[in-house]
Amino acid sequence: MKTKTAYLALTTAKKVDIVRITDKVEQVIKESGVKEGLVLVNPVHITAAVIVNDNEPGLHSDYLKVLERLVPYSADYRHNDTGEDNAASHIWRQLMGHQVTMAITDGKLDLGPWEQIFYFEFDGQRSKRILVKVIGE
Amino acid sequence: MKTKTAYLALTTAKKVDIVRITDKVEQVIKESGVKEGLVLVNPVHITAAVIVNDNEPGLHSDYLKVLERLVPYSADYRHNDTGEDNAASHIWRQLMGHQVTMAITDGKLDLGPWEQIFYFEFDGQRSKRILVKVIGE
Amino acid sequence: MKTKTAYLALTTAKKVDIVRITDKVEQVIKESGVKEGLVLVNPVHITAAVIVNDNEPGLHSDYLKVLERLVPYSADYRHNDTGEDNAASHIWRQLMGHQVTMAITDGKLDLGPWEQIFYFEFDGQRSKRILVKVIGE
């Protein structure tokens with residue numbers, strides 16, 4: 001059995017931003033030497049989500065527009081009474097899905113034709129990390 | 001350590017449809033010979049979700065009604081400017097939860113009394129696959 | 001390879017309640033002897049969610065307020081025609097995210113600075129269980 005732990009570091013240019021990370025996850029798998037197993041991709045920050053969906057900018061803006069409509073950033077939240085302004089960011093990350101676990105088959109991410117892994121940042125412009133944990137053989 | 005990879009193939013009769021797949025996942029586990037471990041169940045298509053909830057048709061229609069109310073299929077989405085009409089399907093799958101990882105204990109799915117695994121198809125009537133990855137011993 | 005299965009038992013005081021379970025998950029990992037691996041934390045009941053977010057009571061009330069606004073408990077649901085009154089609980093658990101898989105590194109939960117694991121109960125005041133499955137080496 002083999003495992004590998006990596007932390008992808010990034011700082012987004014915008015407060016709300018979307019970054020494709022498929023290739024970086026693939027690189028960690030390659031370095032792990034695991035041929036069959038699982039890879040967990042988990043943002044270690046709680047105002048961000050790792051999701052799998054389409055690499056299509058129009059869809060990405062649709063996601064952000066829907067989140068803002070359902071849970072407006074500037075509405076009244078008790079969390080923001082603590083001095084933060086990011087309550088909606090915490091909520092958006094739950095609605096979008098938090099994290100993914102993907103399969104490794106024949107030493108590669110076992111992806112469908114359109115599956116791409118993205119980091120959705122909802123409170124960026126500062127140093128963040130994404131945990132990539134590989135387990136298998 | 002043992003692993004097994006299977007792809008469940010299906011084509012739903014309706015564009016939006018819900019299919020119980022618990023038994024098919026159980027069958028893959030049985031074939032894997034794994035007694036203790038994890039199983040990832042991941043739709044490899046990005047307009048579908050694999051979820052765990054109740055095998056109750058009324059609840060299933062409630063889910064679909066809520067999704068349509070929160071994110072109407074026929075609203076205006078930038079993704080649909082690409083020639084697609086399924087932007088809402090991509091968004092619904094994120095709200096419902098994308099994928100599940102379940103435990104294998106004593107060679108079986110370790111389920112609570114009402115846990116059943118479902119494939120929620122939001123853009124069906126064409127050939128789709130669900131990845132089942134077993135890892136354990 | 002090592003695995004360990006534990007079931008955390010709890011009964012919440014309130015019908016809708018939030019319980020921090022990070023330490024209990026950590027304890028299971030310690031008992032497992034696993035140094036590198038994954039831990040699945042899955043509520044075996046389908047009106048509850050296990051999520052990772054902030055240990056901040058204001059945010060917790062924000063989550064509940066948003067869920068009630070988007071999917072009102074007392075609205076009309078077909079599931080409630082079966083004699084239940086908890087259709088919204090089933091839907092809330094999907095919107096919040098159902099379950100988490102976390103990494104184990106150096107024998108401990110590999111958490112970011114603010115990551116805490118919570119059990120969100122949406123239909124409590126009765127005996128419930130949370131499955132904790134550890135796999136690794």
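Here is a short report on the structure shown in this document. Per chain, residues are indexed from 1 in the order of the written sequence. Lettering of chains starts at A and numbering of ligands starts at 1, both following the order in which they are written. Local features in this predicted model are restricted to residues whose pLDDT is 70 or higher, and side-chain atom pairs enter the listing and the counts only when it is 80 or higher, whereas totals over whole chains, interfaces and linings include all residues. Think of the side-chain values as coming from all heavy atoms in the structure, minus any hydrogens and water.

Okay, the nonpolar core next. Side chains that are nonpolar tend, in soluble globular proteins, to be buried together. Grouped together as the largest cluster of nonpolar side chains are 59 residues, with contacts concentrated most on Val-71 and Phe-120 of chain A, Val-71 of chain B together with Val-71 and Phe-120 of chain C. What Val-71 of chain A contacts, discounting residues up to four positions off in sequence, is Tyr-77, Ala-88, Ile-91, Trp-92 and Leu-95 of chain A together with Val-66 and Arg-69 of chain C. Residues belong to one nonpolar core when they are buried, are Ala, Val, Leu, Ile, Met, Phe, Trp, Tyr or Cys, and are joined through side-chain atoms within 4.5 Å. For every residue, the accessible area obtained with a 1.4 Å probe (protein chains only) is divided by the maximum for its type, and the residue is called buried under 20%, exposed over 50%, and partly exposed between those limits. Contacts are residue-level and defined by heavy atoms, with any inter-residue pair within 4.5 Å sufficient.

Facing the 36 residues of chain A at the interface are 30 residues of chain B. Note on definitions: buried area is the accessible-area loss of two parts on being combined, 1.4 Å probe, summed for both. Carbon and sulfur atoms make up 59% of the surface buried where chain A meets chain B, a total of about 2,600 Å² over both sides. By the criterion of area lost to chain B, the three top residues of chain A are Leu-38, Asp-62 and Glu-115 of chain A, representing 17% of everything that side buries. The working definition used for a salt bridge is a side-chain nitrogen of Lys or Arg within 4 Å of a carboxyl oxygen of Asp or Glu. The tally of links between chain A and chain B comes to one salt bridge. Any N or O atom pair separated by 3.5 Å or less is treated as a polar contact, with the protein-specific requirement of one donor-capable and one acceptor-capable atom, and with residues adjacent in sequence counted only for side-chain atom pairs. Run the count over chain A and chain B and you get 17 residue pairs in polar contact (both at pLDDT 80 or more). Note on conventions: DSSP H or I runs of at least 4 residues are helices, E runs of at least 2 residues are strands, and numbering of each starts at the N terminus. For the side of chain A that touches chain B, the elements supplying multiple residues, two or more each, are strand 3 (37–43), strand 4 (48–53), helix 2 (57–70), helix 3 (87–96), strand 5 (100–105) and strand 8 (128–136) of chain A. When residues of the side of chain A that touches chain B are assigned to their parent elements, the largest contribution, 10 residues, is made by helix 2 of chain A. Classification convention: Asp, Glu, Lys, Arg as charged; Ala, Val, Leu, Ile, Met, Phe, Trp, Tyr, Cys, Pro as nonpolar; all other residues, Gly among them, as polar. A breakdown of the residues in the side of chain A that touches chain B according to their chemical character gives 18 nonpolar, nine polar and nine charged.

Between rings of Phe, Tyr and Trp, where Trp is taken as its six-membered ring, a pair exists when centres lie within 6.5 Å; planes separated by under 30 degrees are stacked, by over 60 edge-to-face, and by other angles tilted. Overall, the coordinates contain 12 aromatic pairs over all chains when judged by the stated rule. When the ring of Trp-92 of chain B is compared with that of Phe-122 of chain B, the centres are 5.5 Å apart and the planes differ by 85 degrees; the resulting orientation is edge-to-face. Highlighted residues: Trp-92 of chain B in helix 3 (residues 87–96) and Phe-122 of chain B in the loop between strand 7 (116–121) and strand 8 (128–136), separated in sequence by 30 residues. Residue classification places Phe-122 of chain B among the buried positions, given a relative accessible area of 1%. Each ring, one from Phe-120 of chain B and one from Phe-122 of chain B, has its centre 6.2 Å from the other, and the planes form 70 degrees; the classification is edge-to-face. Take Phe-120 of chain B and Phe-122 of chain B: they sit in the same class, and that class is buried. Members of the aromatic cluster, joined through ring pairs, are Tyr-63, Tyr-73, Trp-92, Phe-120 and Phe-122 of chain A. By definition, being over a ring means that NZ of Lys or CZ of Arg is both within 6 Å of the ring centre and within 35 degrees of the ring normal. Looking at Arg-129 of chain A, its charged tip hangs above the ring of Tyr-7 of chain A, at a distance of 4.7 Å from the centre.

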